[in-house]
Amino acid sequence: MLDVQHRRGAKCREEIDFTRKVMWAHMIFGAVVMTLFLFHEMFRWFAGSLVWYGLSVAAMYGFMSGRRSCRWLLALVFLAGAGAGLYFLIRVLPDTTEPRAALVPHALIPLWLGFANLTYGVGALFVLCSGRIRRAGEAGFVLW
């Protein structure tokens, strides 16, 4: 009996470990993106990224609880973040002026934001198309 309980979660262990790494990477990288908006003194975009991050964490929680629709919602939130980043690079960034005492120079924005857009676009495809992530979500898991 104890052996059965001990091996109960071992069926999807590899998938769960992989999905945990993906979710932790999102939590860390999303916090870095928010912090960089703050350091560039783009407070509206910082607030928007804070709301986006909160939505992604809520969708992530639903996905980890085994709700199938939350996997699609998480992928949509990732795509929305990538789309908002593209909009920022194309429409907003050319019209901004650099503050006098910015902590990080504005010349770095296209570099880190382009990388973030690419990462979250690929992350959305991973969440939608990866069988390992799908199986981990169906089994339900926690981050620790």
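Novice: Help me understand the overall build of the protein in this model?
Specialist: In terms of helices and strands, the protein carries six helices and zero strands. Going residue by residue from the N terminus, the α and β elements of the protein occur as α-α-α-α-α-α. C-alpha atoms of the protein, sized along the principal axes, occupy 65 × 25 × 20 Å. Within the protein, the proportion of its 144 residues that are buried is 38%. Put simply, 75% of the contacts in the protein that link residues at least 6 apart link residues at least 24 apart.

Novice: Just to check I follow, could you spell out the nonpolar core for this structure?
Specialist: If you look at soluble globular proteins, the nonpolar side chains tend to sit buried side by side. Counting residues in hydrophobic clusters, the biggest one holds 24 residues, and the most contacted among them are Met 23, Leu 74, Phe 78 and Phe 141. Breaking this core down by element, the ones donating at least two residues are α2 (13-39), α3 (43-64), α4 (68-92), α5 (109-129) and α6 (131-139). Apart from the residues lying within four places of it in its own chain, the contact partners of Phe 78 are His 26, Trp 52, Tyr 120, Gly 123, Ala 124 and Val 127. The next biggest cluster of nonpolar side chains, apart from the first, holds eleven residues, and it includes Met 42, Phe 88, Trp 112 and Ala 116.

Novice: Sorry if this is basic, but what is going on with the packing of α2 against α6 here?
Specialist: For any two helices packed against each other, the geometry is given by the interaxial angle and the distance between the axes. Running from N to C, α2 and α6 cross one another at 100°; their axes reach a closest spacing of 8 Å. As the angle between them shows, α2 and α6 are arranged roughly perpendicular. Along its contact with α2, which presents Glu 14, Glu 15, Ile 16, Phe 18, Thr 19 and Val 22, the element α6 presents Arg 132, Ile 133, Arg 135 and Ala 136. For the contact of α2 with α6, the class distribution of residues is five nonpolar, one polar and four charged.

Novice: What's the story with the environment of Glu 15 in this structure? I'm lost.
Specialist: Residue position: Glu 15 is located in helix α2. Distance from Glu 15 to Ile 133, taken between C-alpha atoms, is 6.3 Å for residues 118 residues apart in sequence. Among all residues touching Glu 15, those that are not within four sequence positions of it are Arg 132, Arg 135 and Ala 136. A distance of 3.2 Å separates polar atoms of two side chains, one belonging to Glu 15 and the other to Arg 135.

Reading the values: the criteria
- Residues numbered from 1 in each chain as written.
- Predicted model: local features only at pLDDT ≥ 70, side-chain atom pairs only at ≥ 80, totals over all residues.
- Heavy atoms only, no water.
- Helix = DSSP H or I, 4+ residues; strand = E, 2+ residues; numbered from the N terminus.
- Buried < 20%, exposed > 50% of the residue type's maximum accessible area, 1.4 Å probe, protein only.
- Contact = heavy atoms within 4.5 Å.
- Core = buried A, V, L, I, M, F, W, Y, C linked by side-chain atoms within 4.5 Å.
- Axes fitted to C-alpha atoms, helices over the stretch in contact; angles between N-to-C directions.
- Parallel < 35°, antiparallel > 145°, perpendicular 65-115°, else oblique.
- Nonpolar A, V, L, I, M, F, W, Y, C, P; charged D, E, K, R; others polar.
- Polar contact = N/O pair within 3.5 Å; in protein donor to acceptor, adjacent residues only side chain to side chain.

It is worth stressing that arrangement in space is one thing and function is another; only the former is reported here.
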